[in-house]
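So you can see what is in the structure, the chains are spelled out below.
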Amino acid sequence: MPLSISHTRAETQSQVSQWRRAGQRIALVPTMGNLHRGHFALVERARQVADRVIATVFVNPTQFGPDEDFNTYPRTLDTDATGLAEAGCDLLYAPSIADMYPYGEPRCWVEVPALSDILCGAFRPGHFRGVATVVARLFLHTQPDVAVFGEKDFQQLMVIRYMTLDLGFPTEIVGMPTVREDNGLAMSSRNQYLTPKERQRAGLIYRLLRDTEAAVHRGDALERTLAGGLRTLVAAGFSPDYFEARDAESLGPVSDGDLVLLVAARLGKARLIDNWVVRRP
Ligand code: PAF
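Cut-off values and rules
- Residues numbered from 1 in each chain as written.
- Predicted model: local features only at pLDDT ≥ 70, side-chain atom pairs only at ≥ 80, totals over all residues.
- Heavy atoms only, no water.
- Helix = DSSP H or I, 4+ residues; strand = E, 2+ residues; numbered from the N terminus.
- Expected span 1.5 Å × (residues − 1).
- Buried < 20%, exposed > 50% of the residue type's maximum accessible area, 1.4 Å probe, protein only.
- Arc of directions from axis to C-beta.
- Pairing = 2+ DSSP bridges.
- Axes fitted to C-alpha atoms, helices over the stretch in contact; angles between N-to-C directions.
- Contact = heavy atoms within 4.5 Å.
- Phe/Tyr/Trp six-rings, centres within 6.5 Å; stacked < 30°, edge-to-face > 60°.
- Lys NZ or Arg CZ within 6 Å of the ring centre and 35° of its normal.
- Polar contact = N/O pair within 3.5 Å; in protein donor to acceptor, adjacent residues only side chain to side chain.
- Near = heavy atom within 4 Å.
- Nonpolar A, V, L, I, M, F, W, Y, C, P; charged D, E, K, R; others polar.
- 1 Å grid on protein atoms, 1.4 Å probe; cavity = no way out; pocket = protein on both sides within 12 Å on 5 of 7 lines; lining within 4 Å.
- Points joined across faces, edges and corners; volume = space filled by probe spheres on them.

Student: Tell me what's going on with helix α11 (residues 222-235), and back it up with residues and numbers.
Tutor: With 14 residues, α11 should reach 20 Å at 1.5 Å per residue; the first-to-last C-alpha distance of 20 Å fits that figure. Taken as a whole, α11 has its buried residues at Thr 225, Leu 226, Gly 228, Gly 229 and Leu 233. Summarising the axial view, the buried residues of α11 lie within an arc of 160°, below the 170-degree limit, and thus occupy one face. Away from the buried face of α11 by more than 90 degrees, exposed residues Glu 223, Arg 224, Arg 231, Val 234 and Ala 235 are located. Two residues or fewer past α11, Gly 237 is found with a positive phi of approximately 95°.

Student: Please provide a residue-by-residue account of the sheet that holds strand β1 (residues 4-6), values included.
Tutor: Strand order across the open sheet formed by six strands is β1-β4-β3-β2-β5-β6, with parallel pairing between neighbours. Strands at the two margins of the open sheet, each flanked by one partner only, are β1 and β6 (172-176). In this sheet, neighbouring strand axes are inclined to one another by 25° on average, regardless of whether the strands run parallel or antiparallel. Its contacts with the sheet put helix α7 (residues 127-142) on β2 (26-31), β3 (52-57), β4 (91-93), β5 (146-150) and β6, and the angle it makes with β2 is roughly 145°.

Student: Quick rundown of the packing of aromatic side chains? Include the residues and the values.
Tutor: Working definition: an aromatic ring pair is given by the centre-to-centre distance plus the angle between the planes. Summed over all chains, the structure comprises six aromatic pairs. The interplanar angle of 70° and the centroid separation of 5.4 Å between the aromatic rings of Phe 64 and Phe 70 together place this pair among those described as edge-to-face. Relative accessible area serves as the criterion here: at 11%, Phe 64 is assigned to the buried category. Here the aromatic rings of Phe 123 and Tyr 242 are separated by 6.0 Å at their centres, their planes lie at 35°, and the arrangement is tilted. Of this pair, Phe 123 sits in helix α6 (residues 120-123) while Tyr 242 sits in strand β7 (residues 239-247), and the two are 119 residues apart along the sequence. On the accessibility criterion, Tyr 242 (6% relative accessible area) is buried. Through pairs of rings, three or more aromatic residues link up here, namely Phe 64, Phe 70 and Tyr 73. Residue placement shows Arg 75 over the ring face of Phe 70; its charged tip is 4.8 Å from the ring centre. The ring of Tyr 103 is capped by Arg 107, whose NZ or CZ atom sits 4.2 Å from the centre of that ring.

Student: Now, about the side chain of Asp 274: what can you tell me, with residues and values included?
Tutor: Along the polypeptide, Asp 274 turns up in strand β9 (residues 270-278). Among the polar contacts listed, one links the side chain of Asp 274 to the side chain of Arg 180, at a separation of 2.8 Å. Apart from residues no more than four positions distant in its own chain, Asp 274 is found in contact with Arg 180, Gly 184, Ala 186, Ile 205, Leu 209, Leu 261, Leu 262 and Val 263.

Student: Go over the site of the ligand, please, and point to the residues and values.
Tutor: Around the ligand, the neighbouring residues are Pro 30, Thr 31, Met 32, Asn 60, Gln 63, Val 134 and Gln 156. A distance of 2.6 Å separates an oxygen atom of the ligand from a polar atom in the side chain of Gln 63. The contact in question runs from an oxygen atom of the ligand to an N or O atom on the side chain of Gln 156, over 2.7 Å. Grouping the constituent residues of the shell around the ligand by class yields three nonpolar, four polar and no charged.

Student: Describe empty space enclosed by the protein, naming the residues involved and giving the relevant values.
Tutor: One pass over the structure, following the stated rule, counts one cavity of 30 Å³ or more. Of the volumes computed, that of the largest cavity is approximately 60 Å³. Lining of the largest cavity is provided by 13 residues; of these, Leu 185, Ala 186, Leu 272, Ile 273 and Asp 274 occupy positions nearest its centre. Take the lining of the largest cavity: its biggest share by element is four residues, from β9. A breakdown of the residues in the lining of the largest cavity according to their chemical character gives seven nonpolar, three polar and three charged.

Limitation: the analysis is restricted to geometry and does not speak to function.
Right, dumping it as structure tokens:
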């Protein structure tokens, strides 16, 4: 099946209705475009769990802060479409801002307060409110049985899981392991802001996560280990926002269960985030 492209909610919903009438299961892969191997892995996973795959490309203004890169965020719809067709996507839905926000600034927001002001939320006020609001709208436009998101955005994935449960969307949320470059750098559309040298150096984040995992297993003092990690990042030229450990189920304080190490740091023009779940015996 060749890839179809829709730019409107009406066209998308008419296609979705046809598939539903034929009893087909629909998967959604929401993205902001400038797609890379990590995104195509999400589409391939979606393909395995549904009959039809919709990928959305929408650079969502409500999740960007006033000083962030909304205007310069790379928009590459033609190459995205080629990659999506190769990955087995059926429909690319690339709505306009007017389609997503027909009344301008939303009069109705979706918020997950317990998760929105910590970690990245503390450094990007309003970001997760914008994400939850647009994902809720994308769910309404596409009515997916299943939606696939990358685990690289660990906090985002948890916000979406909470939102889906609380609002009762009939959509199963699937998380996909992070796809990494050879040096361990998590794939991200924003990696293209890095120079070739910075891209090499950025592999440090992954090494730090794995070294910290080893320290947790050895029983080293966690606070001291994290503080040492922050110093390592600074010494290598990063400006870290945070390097923290949290309970992997709730993002609350570390308990006896699995924990997740989460890091956000700026390098050159890029803000990089990554995480690693440490399983406890
Ligand atoms: O992860 C992203 O690309 C975006 O935050 C998402 C989920 C597509 C919402 O705009």
